[in-house]
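What the coordinates show
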Amino acid sequence: MCKKLLKDPQALVGLVLIVLVLGVALLAPVLAPNDPKLIDTTGKYLPPGGRYPLGTDQLGRCVLSRLLYGARYSIVISIPTLLALSVIGLLVGTVSVCAGKKVDFTLNMVCDVFIAFPALIIAIAVIGVLGKGIENIAISVLIATWAWFVRVVRSYALTEMGRDYILAARISGCNTMKIVFQHLLPNIIPQFLVYVSTSMASAIIMVSSFAFLGLGLPAGTPEWGAMLNDARTGLYSHPELLLYPGLCILLTSAGFNLFGEALRDHLTPEETSL
């Protein structure tokens, strides 16, 4: 399947964008020409060139350096959060289906309560209680979106539980735990990976939204959403300061969405052909 994905233009473009962002995040200290937090009020709004390839912002900070380091904050927060959400979703979602009607009904009701509120509102409320910090942003995203992951896994599990191979496993004497870990999860995970890939874009946008609203990260943090917020003061005189971080968010989100959609087409060809 990997060879088929690499031959798919959509998957290839998405993968290139993902690798590019990950590479920038890892190599930011090497690639950045200046300290992203260094303030020089005598050199604010300098044009691109020389020491500052993309110019400086309203505080004289290097725009390129802040863009490069901004990838780090988006990736560092989003990837661990999605890993935790994946584990919670897979475990709770499959348990909900296999543990009986009462457990399934209870977990389903709890998920309904969380899904009834916009994820961003829940996350903002959690940050308001916990305070600023990268860890608190991750926790807020986790609390705000775990129900969606559980609901998706539950829908996959319900479909798979009606398959013949599950019935055959039960007839052969497999207990619930064996059915879940040896039969159910291996057939759910490929579909779930598609959802995780597209959810990465949502997580990055949510993290940037927090920074744009001035929540979660300390003031002056080189993060794309924070850069958008800072650039509002020069909206008409220096619109390029809005364009740079906006493009970074757009391209990163597009990369994960393109790859996730291509992955779905290859993993579930029978669904996409309908």
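This write-up is about the structure you can find in this document.

Parameters and conventions
Residues numbered from 1 in each chain as written. Predicted model: local features only at pLDDT ≥ 70, side-chain atom pairs only at ≥ 80, totals over all residues. Heavy atoms only, no water. Helix = DSSP H or I, 4+ residues; strand = E, 2+ residues; numbered from the N terminus. Buried < 20%, exposed > 50% of the residue type's maximum accessible area, 1.4 Å probe, protein only. Contact = heavy atoms within 4.5 Å. Areas by Shrake-Rupley, 256 points an atom, 1.4 Å probe, with all protein chains shown as cover. Lys, Arg positive; Asp, Glu negative; His and termini not counted. Charge placed at Lys NZ, Arg CZ, Asp CG, Glu CD. Core = buried A, V, L, I, M, F, W, Y, C linked by side-chain atoms within 4.5 Å. Axes fitted to C-alpha atoms, helices over the stretch in contact; angles between N-to-C directions. Left-handed = near helix turned anticlockwise from the far one by under 90°. Nonpolar A, V, L, I, M, F, W, Y, C, P; charged D, E, K, R; others polar. Phe/Tyr/Trp six-rings, centres within 6.5 Å; stacked < 30°, edge-to-face > 60°.

Topic: the overall build of the protein
Assigned secondary structure in the protein consists of eleven helices and zero strands. Secondary structure of the protein in N-to-C order comes out as α-α-α-α-α-α-α-α-α-α-α. Its C-alpha atoms give the protein principal-axis dimensions of roughly 75 × 45 × 30 Å. Buried residues in the protein amount to 45% of all 274 residues. Put simply, 71% of the contacts in the protein that link residues at least 6 apart link residues at least 24 apart. Carbon and sulfur atoms provide 70% of the accessible area of the protein, an area that totals close to 14100 Å². Positive and negative side-chain charges of the protein, numbering 19 and 16 respectively, have mean locations separated by a distance of 5 Å.

Some thoughts on the nonpolar core
Core analysis: the largest hydrophobic core is formed by 55 residues, its most contacted members being L184, I188 and F192. Among the elements of the structure, α2 (9–31), α3 (63–98), α4 (101–115), α6 (134–161), α7 (164–171), α8 (176–212), α9 (224–231) and α10 (240–267) are those that each provide at least two residues to this core. Aside from chain neighbours lying at most four places away, what touches F192 is S86, L90, F149, V153 and Y156. Among the nonpolar cores identified, the runner-up in size contains 16 residues, and I77, V141, A144 and A226 belong to it.

As for the packing of α3 against α6
At a closest axis distance of 6 Å, the pairing of α3 and α6 adopts a crossing angle of 40°. Classified by chirality, the crossing of α6 by α3 is right-handed. Here the contact of α3 with α6 is built from residues that sort into 22 nonpolar, seven polar and one charged.

Comments concerning the packing of aromatic side chains
Tallying each qualifying case throughout the model produces four aromatic pairs. When the ring of F114 is compared with that of W146, the centres are 5.2 Å apart and the planes differ by 70°; the resulting orientation is edge-to-face. In this pair, F114 is assigned in helix α4 and W146 in helix α6, connecting sequence segments 32 residues apart. Note on F114: relative accessible area 24%, which makes it partly exposed. Consider the rings of F149 and F192, whose centres lie 6.0 Å apart with planes at 75°: the pair is edge-to-face. Highlighted residues: F149 in helix α6 and F192 in helix α8, separated in sequence by 43 residues. Here the two residues F149 and F192 agree in accessibility, since each one is buried. An aromatic cluster is built from F149, F192 and Y195, whose rings are joined through pairwise contacts.

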